[in-house]
Amino acid sequence: MRKEFLPFSPPLIGEDEIREVVDTLRSDWITTGPKTRKFEEDFARFVHAPGALALNSCTAGLHTALVTAGVGPGDEVITTTLTFAATANVIEQTGARPVLVDVEPDTLNIDPTRVEAALSEKTKAVMPVHFAGHPADMDAILDLAGSRGLLVVEDAAHALPARYRGRVVGSGDNPASFSFYATKNLTTGEGGMLTGDPGFLEKARVVSLHGMSRDAWKRYDQAGGWFYEVVLPGFKYNMTDIQASLGLHQLAKLESYQKRRREIVALYGEAFRDEEALEIPVERENVDHAWYLYVLRLVPEALTIHRDRFIEELKALNIGTSVHFIPLHVHPYYREKYRYGKEDFPVAWKNFERMVSLPLNLRMTDGDAGDVVEAVRDVIRRYRR
Ligand SMILES: Cc1ncc(COP(=O)(O)O)c(C=O)c1O
């Protein structure tokens, strides 16, 4: 057994990032400024996006996109139940109703046939989530939305970098929101990026910063001026140059980071592929998975314990894990407001009950990954039915 606890997802911050942050702190400009602008440009280039807007979280990006598109009271937005709270919370915050639907059994991504069944006169937008970094079935979703004039806002929190049928997630004209939270493939501590059509992002920039017209962020700079006008009641969602300092260097290293993530995924795949008590995550043909999460599924018929105990046993062996996600429809707020029952979304519910996210991060050595494999095998050996 390992001597020290293996944390689920510690960040990897290099000396380059630290030097850049210090450089920013020593400069005259620490909030949104030239480094944030450069990060937007570099990011847009990286994901082949028509435009990019740096914000202080993915949540901020999703909220800004919906508000910019005019989603509000009386509207419905269709999304998956198997996601983080932020996805649906932002819909609630606009006054619209989140209409939850079930997921596909292999990828655990929003099921396009369920989206179609949930469409109504009130539907204004669809918000697919690229669960764990595996792209959702975007062609089916874009077709459905396109024929009805609906907005598609991608929750791309997990999907940096991912590719669907040759297209990089974030390269489309529709808004896509990425997360740079501490555990993500690229981190700025907290942060996010909204990509999409430049005209839309121009409006989104105003929505995201107090509704102030012009380049108000320059108003204390020699190049700027004191005058601005408030054209709508906007938010305070801007990214700072301190955050962008981290992002610039993380982005430059992302390709090599992803190579390492895939090595760990391959190591887990080798170890678990033939184990009948386990189901390993899928990567469909024609996609590149971002491998933000490695979501293992237990096969209940093969084990005498279930998921919660499995996690406790791994913890006792010093392996940190997590669960992504408790479906939204069982959280008190959504359950009570919309009177959902657990089995209303059977695929999400049944899979939730048997999922465990294993450590998958850049601080892990092959030895650490080997320890995870040994611990999982040990628990299975002891509790095989
Ligand atoms: C699917 C999903 N959407 C949105 C978010 C929110 O991201 P952020 O913390 O950057 O706001 C998360 C956070 O982990 C997430 O997992």
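Residues numbered from 1 in each chain as written. Predicted model: local features only at pLDDT ≥ 70, side-chain atom pairs only at ≥ 80, totals over all residues. Heavy atoms only, no water.

Novice: Just give me the short version of the packing of helix α3 (residues 58-68) against helix α4 (residues 85-94), but keep the residues and values in it.
Specialist: One way to put it is that α3 packs onto α4 with a least axis distance of 9 Å and a crossing angle of 35°. In the crossing of α3 with α4, the sense of the turn from one axis to the other is right-handed. For the pair α3 and α4, contact is made by Thr59, Leu62, His63, Leu66 and Val67 and by Ala86, Thr87, Val90, Ile91, Gln93 and Thr94, respectively. Split by residue class, the contact of α3 with α4 holds six nonpolar, five polar and no charged. (Axes fitted to C-alpha atoms, helices over the stretch in contact; angles between N-to-C directions. Helix = DSSP H or I, 4+ residues; strand = E, 2+ residues; numbered from the N terminus. Left-handed = near helix turned anticlockwise from the far one by under 90°. Contact = heavy atoms within 4.5 Å. Nonpolar A, V, L, I, M, F, W, Y, C, P; charged D, E, K, R; others polar.)

Novice: Describe a nonpolar patch on the surface, with residues and values.
Specialist: There is a patch of nonpolar side chains on the surface, built from Ile13, Ile18 and Val22 and spanning about 200 Å² of accessible area. Judged by its relative accessible area of 34%, Ile13 is partly exposed. (Patch = residues over 30% accessible without salt bridge, like charges linked within 9 Å, V, L, I, M, F, W, Y side chains within 5 Å. Areas by Shrake-Rupley, 256 points an atom, 1.4 Å probe, with all protein chains shown as cover. Salt bridge = Lys/Arg side-chain N within 4 Å of Asp/Glu carboxyl O. Buried < 20%, exposed > 50% of the residue type's maximum accessible area, 1.4 Å probe, protein only.)

Novice: Pulling in residues and values, what's your account of the packing of aromatic side chains?
Specialist: Summed over the entire model, instances satisfying the criterion amount to 16 aromatic pairs. Residues Tyr334 and Tyr338 carry aromatic rings whose centres are separated by 6.5 Å and whose planes lie at 15° to one another, so their mutual orientation is stacked. In this pair, Tyr334 and Tyr338 are both assigned in helix α11 (residues 332-338), four residues apart and thus about one turn of the helix distant. Like Tyr338, Tyr334 is buried. Sitting over the ring of Phe352, Arg307 keeps its end group 4.6 Å from the ring centre. (Phe/Tyr/Trp six-rings, centres within 6.5 Å; stacked < 30°, edge-to-face > 60°. Lys NZ or Arg CZ within 6 Å of the ring centre and 35° of its normal.)

By themselves, these observations are geometric and do not establish any function.
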